[in-house]
Amino acid sequence: MTDSNKDVVVIIGKLVLISVIASALLAVTYVPTSEQLKKNYEEARTATLAELMPQAAEFEAVYGDEIINDEGDREILYYRAKDDSGNLIGYAFFRQHPGAQGLLEVAGGVDASFNEISGMSIMSHTETPGLGSKITEPAFKDQFKNVKVADLSLSKSGGAIDSITGATISSQAVVDALNAQVEVIQGAEA
């Protein structure tokens, strides 16, 4: 074996060793990191529910039949929001819906009589920065506070929600997500 072949073998050996070490380090940090990310995600969802329906003392999950993970957890369709006395005051939910660039995850709340939206929050999105991403800004989000369900459409369609200039698809996606989930809950609770 020539010196240049030995050098190639040594370089390849070093690269393999570095790859094995890097893989081992990633494997060691993956489990605790993924657990922390899951915990942070759940805490964010809980905080959002409390923000959307501050008068609620508890949120009772309503489960569907679909199994969503290896632990056997079922999907949560929505939450029944209850006051300190256990009286139903409304419903809170998370809904994924297609936007202009990808899926949006919208959180919302509606009163128990399905007359008024208590608010809306965007949990995640992939909308265009500077345009569709404005769905997360207070100027857009605040329009949904205490809006009547009957008025939950864009103003160009006679509703109470002004769309974001240049981001009508993103604006419409938020409205559609809220309307669709309110219909689902109303049908399930009827």
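Here the structure is shown first, and the text comes after it.
Every chain is numbered on its own, with residues counted from 1 as its sequence reads. Whole-chain, interface and lining totals are the exception, using all residues; otherwise, since this is a predicted model, local features are given only for residues with pLDDT of at least 70 and side-chain atom pairs are given and counted only at 80 or more. To get the side-chain values, take all heavy atoms of the structure and skip hydrogens and water.

We now examine a nonpolar patch on the surface. Nonpolar side chains (Val, Leu, Ile, Met, Phe, Trp, Tyr) are joined into patches within 5 Å and like charges within 9 Å, using only residues with over 30% relative accessible area and no salt bridge. Residue exposure ignores everything except the shown protein chains as possible cover, and the areas themselves are Shrake-Rupley values with a 1.4 Å probe. What makes a salt bridge here is a side-chain nitrogen of Lys or Arg within 4 Å of a carboxyl oxygen of Asp or Glu, nothing more. Together, V8, I12, V16 and V20 line one region of the surface with nonpolar side chains, adding up to about 340 Å² of accessible area. Within the element layout of this structure, I12 appears in helix 1 (residues 3–52). A run of H or I in DSSP counts as a helix once it spans at least four residues, and a run of E counts as a strand once it spans at least two, with each numbered from the N terminus.

Each full turn of the α-helix corresponds to 3.6 residues, which orients residues three or four apart in the same direction. A rise of 1.5 Å per residue sets the reference length of helix 1, with its 50 residues, at 74 Å; its end C-alpha atoms lie 70 Å apart and thus fit the reference within 8%. At Y30, helix 1 shows its largest kink, close to 35 degrees, and the proline P32 lies no more than four residues downstream. For helix 1, the elements touching its buried residues are strand 1 (58–67), strand 2 (74–82), strand 3 (88–98), strand 4 (103–111) and strand 5 (116–124). A helix is expected to span 1.5 Å for every residue after the first. Fitting one axis to the seven residues ending at a residue and another to the seven starting there, the bend at that residue is the angle between the two axes. Working rule for contacts: check all heavy atoms of both residues, and any pair within 4.5 Å makes them a contact.

This brings us to the layout of surface pockets. Site definitions follow a grid-based scheme: protein atoms alone, a 1 Å grid, a 1.4 Å probe that fits but cannot get out for cavities, and for pockets an open set with protein on both sides within 12 Å along at least five of seven lines, plus lining residues having an atom within 4 Å of a point. Grid points are joined across faces, edges and corners, and a volume is the space filled by probe spheres set on the points. The space that makes up the largest pocket amounts to roughly 550 Å³. Lining the largest pocket we find 21 residues, and of these Y41, R45, I68, E75 and I76 sit closest to its centre. Sort the elements by how many residues they give to the lining of the largest pocket and strand 2 lands first, with 6 residues. Residue type decides the class: Asp, Glu, Lys and Arg count as charged, Ala, Val, Leu, Ile, Met, Phe, Trp, Tyr, Cys and Pro as nonpolar, and the leftover types, Gly among them, as polar. Residues that form the lining of the largest pocket fall into these classes: 9 nonpolar, 3 polar and 9 charged. Taken as a whole, the second largest pocket encloses approximately 150 Å³ of empty space. Every residue along the wall of the second largest pocket is listed here: E51, L52, S118, G119, M120, P138, K141, D142 and K145.

With respect to the secondary-structure elements, S133 resides in the loop between strand 5 and helix 2 (138–141). Any N or O atom pair separated by 3.5 Å or less is treated as a polar contact, with the protein-specific requirement of one donor-capable and one acceptor-capable atom, and with residues adjacent in sequence counted only for side-chain atom pairs. Polar side-chain contacts of S133 include one of 2.9 Å to the backbone nitrogen of G130. Non-local contacts of S133, meaning those with residues more than four positions away in its chain, are made with H125, E127 and T128.

Moving on, we come to the packing of aromatic side chains. Within 6.5 Å between ring centres, the rings of Phe, Tyr and Trp (the latter by its six-membered ring) count as paired, and their orientation is classed by plane angle as stacked under 30 degrees, edge-to-face over 60, tilted in between. Applying the stated criterion across every chain yields a total of 4 aromatic pairs. Consider the rings of Y78 and Y91, whose centres lie 6.0 Å apart with planes at 75 degrees: the pair is edge-to-face. Residue Y78 is located in strand 2, and its partner Y91 is located in strand 3; the two are separated by 13 residues in the primary sequence. Residues Y78 and Y91 agree in their burial class; the two are buried. Note on classification: 1.4 Å probe, protein chains only; a residue is buried when its accessible area is under 20% of the maximum for its type, exposed when over 50%, partly exposed between these limits.

In short, DSSP must find at least two bridges between two strands for them to pair. Note that strand 1 and strand 2 share 7 bridges and pair antiparallel. Paired with V62 across the strands is Y78, a residue of strand 2. Counting the residues between successive antiparallel strands, the hairpin from strand 1 to strand 2 contains 6 residues, one of them, G72, with a positive phi of roughly 90 degrees. Hairpin connection of strand 2 to strand 3: 5 residues between the antiparallel strands, including G86 at a positive phi of 90 degrees.

Once that is clear, we can look at helix 3 (residues 168–189). For helix 3, built from 22 residues, the straight-helix expectation of 32 Å at 1.5 Å per residue is met to within 8% by its first-to-last C-alpha distance of 32 Å. For helix 3, the complete set of buried residues consists of S170, S171, A173, V174, V175, A177, L178, Q181, V182 and I185. The elements touched by buried residues of helix 3 are strand 2, strand 3, strand 4, strand 5 and helix 2.

Looking now at the pattern of salt bridges. Proximity of charged atoms lets side chains of opposite charge pair with each other. Throughout the structure, instances matching the rule amount to 7 salt bridges. Across the pair K82 and E60 runs a salt bridge, and its minimum N-O distance is 2.6 Å. Of the two residues, K82 sits in strand 2 while E60 sits in strand 1, which places them 22 residues apart along the sequence. Notably, a salt bridge pairs R80 with E189, separated by 2.9 Å at the nearest N-O pair. Separated by 109 residues along the polypeptide, R80 in strand 2 and E189 in helix 3 bring together distant segments of the chain. For E189, a relative accessible area of 26% gives the class partly exposed. Shared partners join several salt bridges into a network, and the residues in it are E60, R80, K82 and E189.

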